[in-house]
Amino acid sequence: MDNNVLIAGVDGASWNFLMPWINDGELPALKRLLGSGSSGDLKTVVPPLSSAAWISMVTGKNPGKHGIYEYLDESGRLLTSKSVKSEKVWNVLSQHGKRCCIVGVPLTYPVEAINGYMVSGVLTPHNEKVYSYPSEIMSLLRKYDYRISVEYEKNDPLIPDQQNVIERRDHFLKEIYYAMERKYLALKELMNERWDFFMFVFTETTYVKDLFWDKKEVVLEFYKKFDSYLDDLIKTYSAKNPDPYIFVVSDHGFSASPKRSFNFRVWMNNEKILEDKRTMLQKIVPKVYKRLIKIKLSKLLFLLPRPKIVRESFQRRIVQSSGIYYKYPGIFIDKSGMKEDEYEGLRDKIIPRLREMRDPANNSKIFQIVEKRESVYSGENSKFAPDVVVIPMSNYANVFSYESDKLVEDIKLYLPGRHFSDMFGIFLAYGGSIRKGKLSGVSILDIFPTVLHILGIPIAKDVDGKVLTGIFKQNSGLSKQEVTYATEKYYANLSEKDRIRNLLKRIKT
Amino acid sequence: MITLANTDEITISIPKDLAEKLKKRAENAEFDSLSTYVTYILRQVISHIEIDENEGDKTITRKDEEKIKEKLRSLGYLD
């Protein structure tokens, strides 16, 4: 019988907080899988955000190719599944006649027609009536009162978004539990069929940490529940799909929220990289704003939609007109009117200084990644990446602000946890002819080609990841089977398929 | 005429000139057979028609977009 694969996605999980719990016997399913599978850290992409990371996993390509860096495009519009510029694993498998079921992967709305079922994940509009392919699956989802995500609705419209979340976190915790349970029940039913490839993602495992990272016992209780669901889902899936290859993976790690901030605007002014060209009005407004938001009543002014938009566009204008600015995950340089050697000179000046940067208060290193764009990304969508990629250490938040004149200072974020700096998720493979052991150097880009290898499908040459041949038992079929890359003719076939599909996309019924 | 051996499949007839045309394309693109090529085209056509019928060409409205952004802000994922 042909091989089949199950991918269980655990958003935001990392071994550093899971291992102590596993060793204490708190997470028996993970412990069992670890005991007989291959495991290690899973290095994610920059930036370590769910959208960029999951899309990198399901395409095997870096963001420079698939074009997904965060949640918004360069003009501030929200990304959708249509923004992804590369073939996803379910496209390739569908083309090869493999049956796929995909549930809860971020950035899959609107859903695509695949050979199987698809239920979109986070970034689906909350009132959407149909978010499955085929639409008939909606009746199954409705039966279980399926929730794509949790809505952080407000009782008091004057409260800032994050303050609302943290003040009502006990209430939202119940909703996060509920959403996870509903998804688990729907998955159980969806698993009751024959599949070649099944992938689900629980985003709830990050939400609980966003809200409760300061109360580890709450996070542990939640993960114990998750662990029991995982156990049951694997059993359910395996009953219908014998001897599956199972991957338990996450998209990034997790940390406590940063306690210090580094202000790139101040640094660039100090280094004479950035001239302060603001008008008097532009200088006064941010400081007035900073004072005003401290007064309870004036919050009203800034929470109304219009002032909020005015404030955002005001800030964007002064930031972008500066010609050089920081926006996570890096420094953007306006090259127009700049000679190539001037541009390179500027980057060569910035990079070593930032790499050396230490916090004057405690001498801690501030940045973990400072690289030129082309050292991190490749592909035609690299042009949307920062000119210099800068990821801080987890205790630091990078800001570009005119509201303060201090280079490094204390900050207090509402939420206790964050993952803007956490480059390592979890990798765990189990079942089939997968051997037991530890593995290092696994990249999130490796999942896609490894799945194709297991299912006997040739890998396109522009895939960045590599097949994890080290996870297979010696002398097993898969360890002996050579990794197959697609021939030029094979591309011709696929491009004929693309031609047909693209033509059809233009024909509206 | 396309003849299929598999018992889960049936035989259908198409005009000979069309079959010749399709056969050439199928060979150039290295499809296993004319049948797999025709099946592929039909599957794609049907799935696209279905998705159009079910959902139309979906886009996210500005209002929905703001709602999603608000949620991302609530969790600190957006400034």
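Remember, it's a predicted structure, so these values are computed and weren't measured experimentally.

Conventions and cut-offs
- Residues numbered from 1 in each chain as written.
- Chains lettered and ligands numbered in written order.
- Predicted model: local features only at pLDDT ≥ 70, side-chain atom pairs only at ≥ 80, totals over all residues.
- Heavy atoms only, no water.
- Helix = DSSP H or I, 4+ residues; strand = E, 2+ residues; numbered from the N terminus.
- Contact = heavy atoms within 4.5 Å.
- Buried area = accessible area lost by both parts, 1.4 Å probe.
- Salt bridge = Lys/Arg side-chain N within 4 Å of Asp/Glu carboxyl O.
- Nonpolar A, V, L, I, M, F, W, Y, C, P; charged D, E, K, R; others polar.
- Pairing = 2+ DSSP bridges.
- Axes fitted to C-alpha atoms, helices over the stretch in contact; angles between N-to-C directions.

Engineer: It is not clear to me how the side chain of lysine 183 of chain A should be interpreted in this structure. Could you clarify?
Structural biologist: Positionally, lysine 183 of chain A belongs in helix α8 (residues 169-190). Ignoring any residue separated from it by four or fewer positions in sequence, one finds lysine 183 of chain A in contact with Tyr146, Ile148, Val201, Phe202, Thr203 and Glu204 of chain A.

Engineer: Mind showing me how you'd approach the interface of chain A and chain B here?
Structural biologist: Quite often, the size of an interface is put as the accessible area lost when its parts meet. The interface is formed by 54 residues belonging to chain A together with 37 residues belonging to chain B. Interface of chain A and chain B: buried area, both sides summed, is about 4100 Å²; carbon and sulfur atoms make up 58% of it. Linking glutamate 65 of chain B and arginine 77 of chain A is a salt bridge whose minimum nitrogen-to-oxygen distance equals 2.7 Å. Sort the elements by how many residues they give to the side of chain A that touches chain B and helix α19 (residues 488-506) of chain A lands first, with 10 residues. For the side of chain A that touches chain B, the per-class residue count stands at 22 nonpolar, 13 polar and 19 charged.

Engineer: Can you help me understand the sheet that holds strand β12 (residues 367-372) of chain A in this one?
Structural biologist: By way of backbone hydrogen bonds, the strands of a sheet pair with one another, either parallel or antiparallel. Residues and elements named next belong to chain A. The strand order β10-β11-β13-β12 describes an open sheet built from four strands, whose pairing is antiparallel. For this open sheet the edge positions go to β10 (324-327) and β12, each flanked by a neighbour on one side alone. Adjacent strand axes in the sheet meet at a mean angle of 20°, parallel and antiparallel pairs treated alike. Note: β12 against strand β13 (residues 388-392), five bridges, orientation antiparallel. For phenylalanine 367, the partnering residue across the bridge sits in β13 and is proline 392. Against the sheet, helix α15 (residues 340-356) contacts β10, β11 (330-333), β12 and β13, and its axis sits at roughly 165° relative to β12.

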